[in-house]
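Analysis of the macromolecular model
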Amino acid sequence: MEILRRIAQLFKKKEKEKPRSVEVGIKYQQTELPWVRFYSRQAIWKDLTDMDSEEPIVARALDIIARFATMFPEGDVMGFDLRGPDEELEVLMPLLQNTQLQWQSFQIVRDMVLHGNTFCEIILNEDNEIVRLKQFPYSYQIQVNVDEYGNLKKGDPKQVMQYNLTGEAAYEQYSDTGQLLAAFWPYQIVHFAFGKQSGLPYAEPILACATGIWKRLRAKEDGLAIARLTRAYPQRVHKIPVPIQLNYDEVRRKIDSYREQMDVDTTVTYDSTSAGFRMVGQSSPTNVDTDYYLPRLYTPDGKFVDGDVENLPADNPYLTDLDDIYLDLRRLICALNVPLEYLNMRVGQRSFVDKASEEAQESFAYLIRHVQMAYAHGLRQIFDLQLLLKGINPLEAKYEMIFPVVSPIATKRSAQVDAIRANVAMVWAKLGIPAEVIGRSALHLSRDDLERWLQATGGKISTEGLEKWIDYALMQLKPDEEEEGEKEYEPAGADTAATR
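This section reports on the structure supplied with the text.

Conventions and cut-offs
- Residues numbered from 1 in each chain as written.
- Predicted model: local features only at pLDDT ≥ 70, side-chain atom pairs only at ≥ 80, totals over all residues.
- Heavy atoms only, no water.
- Helix = DSSP H or I, 4+ residues; strand = E, 2+ residues; numbered from the N terminus.
- Buried < 20%, exposed > 50% of the residue type's maximum accessible area, 1.4 Å probe, protein only.
- Contact = heavy atoms within 4.5 Å.
- Areas by Shrake-Rupley, 256 points an atom, 1.4 Å probe, with all protein chains shown as cover.
- Axes fitted to C-alpha atoms, helices over the stretch in contact; angles between N-to-C directions.
- Parallel < 35°, antiparallel > 145°, perpendicular 65-115°, else oblique.
- Left-handed = near helix turned anticlockwise from the far one by under 90°.
- Pairing = 2+ DSSP bridges.
- Disulfide = S-S within 2.5 Å.

What about the overall build of the protein chain?
Broken down by element type, the protein chain carries 15 helices and 15 strands. Buried residues in the protein chain amount to 35% of all 500 residues. Of the contacts formed within the protein chain by residues at least 6 apart in sequence, a portion of 64% connects residues at least 24 apart. Of the roughly 31800 Å² of accessible surface on the protein chain, a fraction of 52% belongs to carbon and sulfur atoms.

Examining the packing of helix H4 (residues 86–99) against helix H11 (residues 358–389)
Their axes nearest at 10 Å, the elements H4 and H11 cross at an angle of 120°. With respect to H11, the element H4 is oriented oblique. Relative to H11, the crossing made by H4 is right-handed. Only Ile 382, Phe 383, Gln 386 and Leu 387 of H11 make contact with H4, whose side of the interface consists of Glu 88, Val 91, Leu 92, Leu 95 and Leu 96.

As for the side chain of Ser 139
With respect to the secondary-structure elements, Ser 139 resides in the loop between strand S3 (130–135) and strand S4 (142–144). Residue classification places Ser 139 among the buried residues on the basis of a relative accessible area of 8%. Those residues in contact with Ser 139, other than ones at most four positions away along the chain, are Arg 41, Trp 45, His 115, Asn 117 and Phe 119.

Focus on the environment of Asp 328
By secondary structure assignment, the location of Asp 328 is in helix H10 (residues 323–336). In this structure Asp 328 comes out as buried when scored by relative accessible area, which is 3%. Sequence separation between Asp 328 and Lys 220 is 108 residues; the distance between their C-alpha atoms is 9.9 Å. Sequence-distant contacts of Asp 328, defined by excluding residues within four places in its chain, comprise Ile 213, Leu 217 and Lys 220.

What about the sheet that holds strand S7 (residues 189–193)?
Strand pairing in a sheet relies on backbone hydrogen bonds, with the paired strands running either antiparallel or parallel. The 3 strands lie next to each other as S3-S2-S7, forming an open sheet whose pairing is antiparallel. Strands with a single pairing partner mark the edges of an open sheet, and in this sheet they are S3 and S7. Each neighbouring strand pair of the sheet contributes to a mean axis angle of 25°, computed without reference to strand direction. Along the sheet face, H11 touches strand S2 (117–124), S3 and S7 and points at about 160° away from the line of S7.

Quick word on the state of the cysteines
Scanning the entire structure with this criterion turns up 0 disulfides. The closest cysteine sulfur to the non-disulfide-bonded Cys 209 is located on Cys 334, 7.7 Å from its own sulfur. Among the residues examined, Cys 209 registers a relative accessible area of 53% and is labelled exposed.

Points about the packing of helix H3 (residues 56–70) against H11
In the contact formed by H3 and H11, the axes pass within 9 Å of each other and the chain directions differ by 70°. Regarding the angle of H3 to H11, the classification is roughly perpendicular. H3 and H11 meet at a crossing whose hand is right-handed. Facing Ile 64, Ile 65, Phe 68 and Ala 69 of H3, the residues of H11 in contact are Phe 364, Leu 367, Ile 368, Val 371 and Gln 372.

Here you go:
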């Protein structure tokens with residue numbers, strides 16, 4: 001009995017060790033709900049790829065972001081332009097020609113915005129010249145390895161591959177099955193990252209927070225489409241009188257006979273060969289305009305039992321209530337941060353397709369500048385490496401990358417502010433206030449711009465120049481006042497911005 005008691009206690013102990021409740025959530029990977037976002041890099045990559053392939057709003061918004069960030073309004077330059085001393089340009093211009101880096105800018109920027117992380121391999125020739133930039137199509141296969149201080153590891157890729165020392169090289173490529181495919185030195189890989197990083201090796205894609213929203217939106221739209229197709233026309237419910245004493249098979253045969261009578265047209269023709277009449281049945285499925293003929297069954301005592309046809313109306317209040325659809329669309333477009341004017345969604349007068357405000361346009365301009373700065377950060381690694389291989393110190397380099405301008409201040413509000421500042425400066429100049437005070441307090445010039453302005457004017461203010469400033473600011477306001485609702489916003493101008 002003592003042995004049985006101990007065995008029973010052992011089983012009870014094991015039962016206590018089992019969790020009484022199962023925690024549900026993606027974090028534990030025990031229950032995966034169909035309409036939520038996942039956190040593994042491969043799952044996020046696949047969800048974002050599906051969004052790009054199946055959702056026109058996402059695909060066209062990514063195209064618009066990449067175009068504004070890499071395409072100049074004039075000329076045949078794509079991506080960016082390089083300016084700097086002749087010594088540095090002689091080293092960098094062959095790199096652009098060999099790698100076609102400017103032409104690849106659109107694809108690299110688009111993938112960087114979509115997936116948050118894009119990796120490219122730098123390939124050198126025997127003369128220590130960068131001749132190719134190979135982009136990895138599946139960014140989730142590249143693993144970034146850092147030490148406890150956040151610095152890239154410096155393990156020898158040859159030893160990592162020979163002894164399978166996973167996690168020791170700066171960058172490692174793994175297959176979908178977890179097999180180590182390649183290892184790289186830190187200088188061999190360029191990591192283009194756009195999004196929130198918070199000290200982590202990878203950037204969070206800007207659309208990752210909208211994957212669950214998009215899945216639910218797609219399910220709702222599919223269900224709505226099915227409901228509309230299946231309830232496109234009013235439907236009839238046929239109530240067929242059947243004697244109560246019939247068994248199951250007899251009832252089924254009577255219903256089949258009834259349906260056959262409804263779907264088959266019978267015609268009587270005369271056969272001259274046999275000199276007799278012949279009945280021919282032709283299938284004729286019912287349609288919207290079909291008349292239904294119901295049999296009248298009678299009982300042995302002579303009473304008739306009529307059938308019945310009931311109409312089911314096609315209207316459904318749930319098919320017209322689309323507030324939840326509009327809410328999901330708003331949240332998806334919020335994640336993209338692209339004004340709806342650029343997406344050509346000018347259908348109807350719903351709140352989510354109204355004309356974009358100047359605040360939305362200005363927010364989009366800052367988004368483009370952020371994308372360009374993230375792209376320039378990766379390009380600088382490529383250019384600095386090429387200069388270093390040719391004996392030029394990249395810390396002392398003076399080259400500049402020129403990107404298309406999407407000015408955050410090119411709005412009606414900024415023009416109004418310029419006009420007010422110029423008027424204030426005009427009044428202060430007439431009162432005899434020094435030019436240095438006017439430039440710093442009224443015109444809000446930077447220190448360098450203020451010094452250049454004072455040197456050019458000799459410390460004297462020209463009221464004629466201030467009047468030209470006012471006229472220019474007012475000229476920017478006139479098109480918006482005269483063509484309200486018609487003029488397209490033109491964020492990209494003829495100017496350029498330098499990023500170093």
